[in-house]
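Notes for the structure review
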Amino acid sequence: MKAINRIIDRARARPGRVVLCEGDDPRVLQAALRATREGTAHILLVGERQRITQLAEDEAIDLGGMTLIDPADSPLAAGYAETLFRLREKKGMTLAQAQQEVLKPLVFANMMVRAGDADGSVAGAVHTTADVVRTAIQVIGTDPSFKLVSSFFLMMMCEPFHSLKGGLIFSDCGLVVEPNAEELSEIAMAAADSARTLLGEEPRVAMLSFSTSGSAKHAAVDKVTAAAERVKAMRPGLAIDGDVQLDAAIVAEIANRKLPESQVKGKANVLIFPNLEAGNIGYKLAERVGGAVAIGPLLQGLAKPANDLSRGCSSEDVFHVIAVTVVQAHEVAAKAGG
Ligand SMILES: CC(C)(COP(=O)(O)OP(=O)(O)OC[C@H]1O[C@@H](n2cnc3c(N)ncnc32)[C@H](O)[C@@H]1OP(=O)(O)O)[C@@H](O)C(=O)NCCC(=O)NCCS
Ligand SMILES: CC(=O)OP(=O)(O)O
């Protein structure tokens, strides 16, 4: 069974409340309808009531089973403004500014997650990644066990021509532009946890480079090696190779030739890119040339789930990210003992 189907089944078994603040986009509304019909989530639509209901009418979408919240007349807005003011006061935000900010659907949606009025949020079909991520970081904040928020894609290789089948985690392809060695190690550890949560597999991590075990000498390689060393020190039981080239990471015969002492042995399920240029280009190549299905960018290192989308997403992508958000919320609840 495809990894995404297992995720959908897990969401259906225990649906969560997912807030969508782009319900005036047809792709998002179609995905909301599908999530409601298939029982993966209880959908909370946040936005201008008139715009959403008009679109639903135009697209013949029944909003039954979903909750529609307009920040302009929501009784939650005043309390959220107080909380946002207290959060951002030191950064110079006034109460009047906070009252204006929470009227923005993206901010309101993330406030719902922070307050426990929703289990997770999904945005990014319309907003840029920078806006989605900045709001999530500022409103929801980081998980205390991570210093850094980063992103990953769940990449699905399911075509008959794919020699490598199943799900892989690619990180970071959407957020941290030029991580230093410590930040890269944080990305790798967060991605290993994401693999456990979403693939249900033990992570096998490849710290990608243009060098395998010192075959090239450059400061860029040193950064990857230092990051791998930090991960090994902090997670001694984790299977990890670094520095390693992509072919040695995913092809057993090449790993055997280039890196006989490999822990991953050409069977990596977590690919860590050295910077955002490599990661963003790499995932789009796998998707657009390689025929992989890319689900994300999903965020890791946040205190609660908030996920992004590519603006080029389809309604199916949004549906998938909603299911992933529900499963990430299960993990947050389990950590909190719920
Ligand atoms: C995420 C991103 C928007 C943050 O950059 P920014 O808005 O310039 O943010 P700043 O550096 O001013 O930081 C804003 C806040 O977020 C925090 N922050 C920024 N990046 C963070 C991270 N990765 N993890 C945790 N906190 C972070 C900062 O500490 C700061 O907190 P504060 O407001 O409480 O002081 C930026 O990394 C970015 O643009 N990334 C690329 C996104 C992109 O375009 N991707 C390509 C398409 S997917
Ligand atoms: C992740 C990503 O590249 O997003 P977008 O296509 O919206 O820039």
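Summary of the structure given here. Computed from a prediction, not measured in an experiment: that's the story for all the values here.

A few points about the nonpolar core
One finds Ile43, Met207 and Ile322 to be the most contacted residues of the largest nonpolar core, which totals 95 residues. Among the elements that make up this core, the one with the highest residue count is helix α8 (residues 181–199) (10 residues). With residues near it in sequence (within four places) discarded, Ile322 still touches Val18, Leu20, Ala31, Ala35, Ala41, Ile43 and Val122.

Overview of the pairing of strand β5 (residues 150–157)
In terms of residue burial, β5 counts as a mostly covered element, since 8 of its 8 residues are buried. Going residue by residue along β5, you find Ser150, Phe152, Leu154 and Met156 tucked away on one face and Ser151, Phe153, Met155 and Met157 tucked away on the opposite face as well. Pairing analysis gives 6 bridges linking β5 to strand β10 (residues 293–300), with the strands arranged antiparallel. Bridge assignment links Ser150 to a residue of β10, and that residue is Gln300. In the sheet, β5 pairs with strand β6 (residues 166–171) via 6 bridges, with the strands oriented antiparallel. The residue of β6 that forms the bridge with Met155 is Leu168.

Some remarks on the site of ligand 2
Around ligand 2 lies a shell formed by Thr129, Phe153, Asn280, Tyr283, Lys284, Pro297, Ser310 and Arg311. Here ligand 2, which alone exposes 260 Å², has 83% of that area covered by the protein. When residues of the shell around ligand 2 are assigned to their parent elements, the largest contribution, 3 residues, is made by helix α12 (residues 276–288). Class assignment for the residues of the shell around ligand 2 results in 3 nonpolar, 3 polar and 2 charged.

Looking at the sheet that holds β5
Strand order in this open sheet of 6 strands is β8-β7-β9-β6-β5-β10, and the pairing throughout is mixed. Two strands lie at the open edges of the sheet, namely β8 (239–244) and β10, each paired on one side alone. Neighbour-to-neighbour, the strand axes of the sheet open up by a mean angle of 20°, direction not taken into account. Lying over the sheet, helix α13 (residues 315–335) contacts β5 and β10, oriented at roughly 40° with respect to β10.

Concerning a nonpolar patch on the surface
A cluster of nonpolar side chains, contributed by Ile281, Leu285 and Val289, occupies part of the molecular surface with about 320 Å² of accessible area. Note that Leu285 resides in helix α12.

Digging into the packing of aromatic side chains
Applying the stated criterion across every chain, the model contains 3 aromatic pairs. Note on Tyr80 and Phe108: the rings are 5.0 Å apart at their centroids and 65° apart in plane angle, and the pair reads as edge-to-face. Here the residue Tyr80 occupies a position in helix α4 (residues 77–88), and Phe108 occupies one in helix α6 (residues 105–115), the gap between them amounting to 28 residues. Accessibility classification places Tyr80 together with Phe108 in one group, the buried group. Taking the centre distance of 3.7 Å and the plane angle of 20° together, the rings of Phe153 and Tyr283 count as stacked. Linking Phe153 in strand β5 with Tyr283 in helix α12, this pair joins segments that are 130 residues apart in sequence.

Quick notes on the pattern of salt bridges
For the coordinates displayed, the defined rule picks out 23 salt bridges. Linking Glu186 and Arg230 is a salt bridge whose minimum nitrogen-to-oxygen distance equals 3.5 Å. Pair noted here: Glu186 is in helix α8 and Arg230 is in helix α9 (residues 219–234), with a separation of 44 residues, a long-range link. Close ionic contact of Asp193 with Arg196 constitutes a salt bridge, the shortest N to O distance being 3.5 Å. Taken together, the positions of Asp193 and Arg196, both in helix α8 and 3 residues apart, correspond to about one turn of that helix. For Asp193, a relative accessible area of 24% translates into the label partly exposed. Its relative accessible area of 37% is what places Arg196 among the partly exposed residues.

Quick notes on the rules
- In every chain, residue numbers begin from 1 and rise along the written sequence.
- By the order in which they are written, chains take letters starting at A while ligands take numbers starting at 1.
- Since the coordinates come from a predicted model, pLDDT governs what is reported: local features require at least 70, and pairs of side-chain atoms require 80 or more to be given and counted, while whole-chain, interface and lining totals use all residues.
- With hydrogens and water set aside, each side-chain value is computed from the structure's full complement of heavy atoms.
- We define a nonpolar core as any set of buried Ala, Val, Leu, Ile, Met, Phe, Trp, Tyr and Cys residues linked to one another through side-chain atoms lying within 4.5 Å.
- Only protein chains enter the area calculation, which uses a 1.4 Å probe; residues under 20% of their type maximum are buried, those over 50% are exposed, and those in between are partly exposed.
- For helices the rule is a DSSP run of H or I covering at least 4 residues; for strands it is a run of E covering at least 2, with both sets numbered from the N terminus onward.
- By the convention used here, residues are in contact when the closest approach between their heavy atoms is within 4.5 Å.
- Between any two strands, pairing holds if DSSP finds at least two bridges.
- Throughout, near means a residue has at least one heavy atom within 4 Å of the molecule or strand.
- A 1.4 Å probe and the Shrake-Rupley method give the accessible areas. Residues count as covered only by the protein chains that appear here.
- Under the scheme applied, nonpolar residues are Ala, Val, Leu, Ile, Met, Phe, Trp, Tyr, Cys and Pro; charged residues are Asp, Glu, Lys and Arg; polar residues are all the others, including Gly.
- Comment: axis = line fitted to C-alpha atoms, over the contacting stretch for helices; angle = value between 0 and 180 degrees taken between N-to-C directions.
- Each patch is built from residues that are more than 30% exposed by relative accessible area and take part in no salt bridge. Like charges join if they lie within 9 Å; nonpolar side chains (Val, Leu, Ile, Met, Phe, Trp, Tyr) join within 5 Å.
- Within this document, salt bridges are pairs made up of a side-chain nitrogen of Lys or Arg and a carboxyl oxygen of Asp or Glu, the two lying within 4 Å of each other.
- In this scheme Phe, Tyr and Trp rings, the latter by its six-membered ring, pair at centre separations within 6.5 Å, and the angle between planes marks the pair as stacked below 30 degrees, edge-to-face above 60, and tilted otherwise.

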